[in-house]
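# Understanding the architecture of this molecule
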2 protein chains.
Amino acid sequence: MEFSSKLLERAVNEMSQLPGIGKRTALRLVLHLLRQPKEQTTALSQALQDMRNTIKFCESCHNISDFKLCEICANPNRNETIICVVEDVKDVMAIENTSSFKGLYHVLGGKISPMDGIGPHDLNIETLVNKVKQGVVKELIFALSSTMEGDTTNFYIYKQIQDYKVVTSTIARGISVGDELEYADEITLGRSIVNRIPFETSLKL
Amino acid sequence: MEFSSKLLERAVNEMSQLPGIGKRTALRLVLHLLRQPKEQTTALSQALQDMRNTIKFCESCHNISDFKLCEICANPNRNETIICVVEDVKDVMAIENTSSFKGLYHVLGGKISPMDGIGPHDLNIETLVNKVKQGVVKELIFALSSTMEGDTTNFYIYKQIQDYKVVTSTIARGISVGDELEYADEITLGRSIVNRIPFETSLKL
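Given the structure is predicted, the values throughout are model-derived calculations rather than measurements.

## Digging into the interface of chain B and chain A
Taken together, the contact between chain B and chain A spans 53 residues of the former and 53 residues of the latter. Buried surface at the junction of chain B and chain A, summed over both partners, amounts to about 5400 Å²; 65% is from carbon and sulfur atoms. Summed over the shared surface of chain B and chain A, the result is two salt bridges. Between Arg10(A) and Asp50(B) there is a salt bridge; the shortest N-O distance is 3.0 Å. On the surface where chain B and chain A come into contact, there are 15 residue pairs in polar contact (both at pLDDT 80 or more). Among the elements that take part in the side of chain B that touches chain A, helix 3 (residues 38-54) of chain B stands out by supplying 16 residues, more than any other. In terms of residue class, the side of chain B that touches chain A is built from 25 nonpolar, 16 polar and 12 charged.

Okay, here's the thing in structure tokens:
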């Protein structure tokens, strides 16, 4: 792609570093900014820099936060004896949106994935194990992706904490609400029969 | 969407102002920046602001440029007697990529579109008409989108310059190279038969 301006080229190149944004999309976005008032570009640039330079991670759960402790960890109404273990900040937001969980979270920052060079020491596992050692936590809920890497990470953490008095559980796998049986993959369908729940329980959900 | 940080929320909101970027995509992009070194965010913000604040538009053709005259207008090897009229900067880049045109361009900055409140005076039409009046230009090639708005704009410009000695042409409409006839729409197919070209000519392309 030939650019008539070095400034335009630099902006497009930087924009296309973002995941899923190719050169053509980047050009479309940058030309859009050129047609809008200067204030919009200033606001965007400023917001990105402020966020990158001053954002903090909660010292307890590693969620994104503006303060030392995030709003969830600092909330005295949350149940500190149950911790939901998630990969990413996005997962905290997704679970919070369901309003079905009133415990605390622990953000690992990824999954153990030797293929990508990510080992247990690249993740926030040690702080989680320390929390369990302190004895306040009664249950850990593993809410990681249902992949090889997710299962490996669950098992690694389970091994680290199995000598302590803590219940471990994992979120239910099964047929999504609204899904048709014939399109479900056989592993999910098989597990949903093995792990069936009393009909009376399902009525209450 | 509930955010655990105001800084994150502001960055996501600003990012989602861009066309085709919703809140979820914006969040994904912003979290990606958080995982990358700070320098990447600084470089992106700086490139966008530098571009927005210091970019110029060529005084002659209104293309984006770092100087008063863009590289194309300033190039003495380009044929200044043929002007290709386009809607947008992207169209200049697209035609330049084909290396098939050695004249100059004129960027209108849009199409006449009463539905969107864009009239002839919102576009760079007056400067084009003035160029024609000066008598150097021998041919205008209309290379606008083949839509109602594009045709209206072509016709408006044609009316303004029809008293001057200038040939007007429009880019060929027809079946795209590689396309199968059965999938072509009937208007395009019909026009491609009416505007057929000698077979010998097609061999030379």
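There is more to say, and it comes next.
## Quick notes on the UniProt feature "domain: Toprim" (unreviewed entry) in chain A
The positions that UniProt labels "domain: Toprim" (unreviewed entry) are, in the present scheme, residues 81-176 of chain A. Taken as a whole, residues 81-176 of chain A contains 33% helix and 20% strand, while its terminal C-alpha atoms sit 28 Å from one another.

## Re the sheet that holds strand 3 (residues 79-86) of chain A
Residue and element names in this part refer to chain A. Spatially, four strands are ordered 4-3-5-6 in an open sheet, and the strand pairing comes out parallel. Among the strands making up the open sheet, the edge pair consists of strand 4 (103-107) and strand 6 (167-170). With direction set aside, neighbouring strand axes in the sheet form an average angle of 25 degrees. Two strands pair when backbone bridges link them, and strand 3 and strand 4 are joined in this way by five bridges, in the parallel orientation.

## Points about the sheet that holds strand 6 (residues 167-170) of chain B
Residue and element names in this part refer to chain B. Pairing is parallel across the open sheet formed by four strands, whose spatial order is 4-3-5-6. Since the sheet does not close on itself, it has two edges, and those belong to strand 4 (103-107) and strand 6, each with one partner. Neighbour-to-neighbour, the strand axes of the sheet open up by a mean angle of 25 degrees, direction not taken into account. Where strand 5 (residues 139-142) lies against strand 6, four bridges are found, and the strand directions are parallel. Opposite Glu139, over in strand 6, you have Val167 as the bridge partner. The strands touched by helix 5 (residues 89-98) within the sheet are strand 3 (79-86) and strand 4, with strand 4 carrying the most contacts at an inclination of about 160 degrees.

## Some thoughts on the relation of the copies chain B and chain A
One copy of the chain maps onto the second through a rotation about an axis and a displacement along it. For the pair chain B and chain A, the best superposition has an RMSD of 0.1 Å and corresponds to a rotation of 180 degrees with a translation of 0.0 Å parallel to the axis. In short, the pair behaves as if placed about a two-fold rotation axis. For chain B, the residue whose C-alpha comes nearest the rotation axis is Ser45(B), separated from it by 2.2 Å. Comparing interface residues between copies, 100% of those in chain B also sit at the interface in chain A, which points to an isologous, same-surface contact.

## Comments concerning the pattern of salt bridges
Two side chains carrying opposite charge are able to pair once their charged atoms lie near each other. Residues and elements named next belong to chain B. In the structure shown here, the tally under the stated rule is nine salt bridges over all chains. Among the ionic pairs, Lys111 bridges to Glu87, the shortest N-O distance being 3.7 Å. Taken together, the residues Lys111 in the loop between strand 4 and helix 6 (126-133) and Glu87 in the loop between strand 3 and helix 5 connect sequence positions 24 residues apart. The shortest N-O distance in the salt bridge between Asp88 and Lys90 comes to 4.0 Å.

## Thoughts on the domain arrangement of chain A
Segmentation of chain A into domains returns domain 1 (6-54) and domain 2 (79-171). Here the C-alpha centroids of domain 1 of chain A and domain 2 of chain A sit 35 Å apart.

## Focus: the packing of helix 3 (residues 38-54) of chain A against helix 1 (residues 6-15) of chain B
Helix 1 of chain B packs onto helix 3 of chain A with a crossing angle of 150 degrees between their chain directions and a minimal axis gap of 9 Å. Viewed along their axes, helix 3 of chain A and helix 1 of chain B form a crossing whose handedness is left-handed. Between helix 3 of chain A and helix 1 of chain B, the contacting residues are Gln40(A), Ala43(A), Leu44(A), Gln46(A), Ala47(A), Leu48(A), Asp50(A), Met51(A) and Thr54(A) on the first element and Leu7(B), Leu8(B), Arg10(B), Ala11(B), Glu14(B) and Met15(B) on the second.

## Digging into the nonpolar core
A general feature of soluble globular proteins is that nonpolar side chains tend to end up buried together. Core analysis: the biggest nonpolar cluster contains 45 residues, and Leu8(A), Met15(A), Leu8(B) and Met15(B) have the highest contact counts within it. Listed by contribution, the elements that provide at least two residues to this core are helix 1 (6-15), helix 2 (23-35), helix 3 and helix 5 (89-98) of chain A together with helix 1, helix 2 (23-35), helix 3 and helix 5 of chain B. In this structure Met15(A) touches Ile21(A), Ala26(A), Leu29(A), Val30(A), Leu18(B), Leu44(B) and Leu48(B), once residues within four positions along its chain are discounted.

## A word on the UniProt feature "zinc finger region: C4-type" (unreviewed entry) in chain A
Using the residue numbers shown here, the UniProt feature "zinc finger region: C4-type" (unreviewed entry) corresponds to residues 58-73 of chain A. A helix fraction of 19% and a strand fraction of 12% characterise residues 58-73 of chain A, whose end C-alpha atoms lie 8 Å from each other.

## A few points about the side chain of Thr153(A)
Along the chain, the position of Thr153(A) falls in helix 7 (residues 148-161). By relative accessible area, which is 0% here, Thr153(A) ends up buried.

## Topic: the side chain of Thr153(B)
In terms of polar contacts, Thr153(B) uses its side chain to reach the backbone amide nitrogen of Ile112(B), at 2.9 Å. Once residues lying within four places of it in the same chain are set aside, the contact partners of Thr153(B) are Leu108(B), Lys111(B), Ile112(B), Leu123(B) and Leu144(B).

## Brief notes about the pairing of strand 5 (residues 139-142) of chain A
Residues and elements named next belong to chain A. Note: strand 3 against strand 5, four bridges, orientation parallel. Across the sheet, Ile82 pairs through a bridge with Glu139, a residue of strand 5. Between strand 5 and its parallel partner strand 6, the chain crosses via helix 7, and the hand of that crossover is right-handed.

## Brief notes about the environment of Val107(A)
Residues and elements named next belong to chain A. Mapped onto the elements, Val107 comes out in strand 4. A residue is classified by how much of its surface remains accessible, and Val107, at 2% relative accessible area, is buried. Once residues within four sequence positions are removed from consideration, Val107 is found in contact with Cys61, His62, Asn63, Val86, Glu87, Asp88, Val89, Val92 and Asn124.

Here is what the cut-offs are and how they apply
Residues numbered from 1 in each chain as written. Chains lettered and ligands numbered in written order. Predicted model: local features only at pLDDT ≥ 70, side-chain atom pairs only at ≥ 80, totals over all residues. Heavy atoms only, no water. Contact = heavy atoms within 4.5 Å. Buried area = accessible area lost by both parts, 1.4 Å probe. Salt bridge = Lys/Arg side-chain N within 4 Å of Asp/Glu carboxyl O. Polar contact = N/O pair within 3.5 Å; in protein donor to acceptor, adjacent residues only side chain to side chain. Helix = DSSP H or I, 4+ residues; strand = E, 2+ residues; numbered from the N terminus. Nonpolar A, V, L, I, M, F, W, Y, C, P; charged D, E, K, R; others polar. UniProt positions renumbered as here; feature names shortened; annotations may be inferred. Pairing = 2+ DSSP bridges. Axes fitted to C-alpha atoms, helices over the stretch in contact; angles between N-to-C directions. Least-squares fit on C-alpha atoms with pLDDT ≥ 70 in both. Domains from an automatic or database assignment. Left-handed = near helix turned anticlockwise from the far one by under 90°. Core = buried A, V, L, I, M, F, W, Y, C linked by side-chain atoms within 4.5 Å. Buried < 20%, exposed > 50% of the residue type's maximum accessible area, 1.4 Å probe, protein only. Right-handed = clockwise from strand over helix to strand, strands pointing away.

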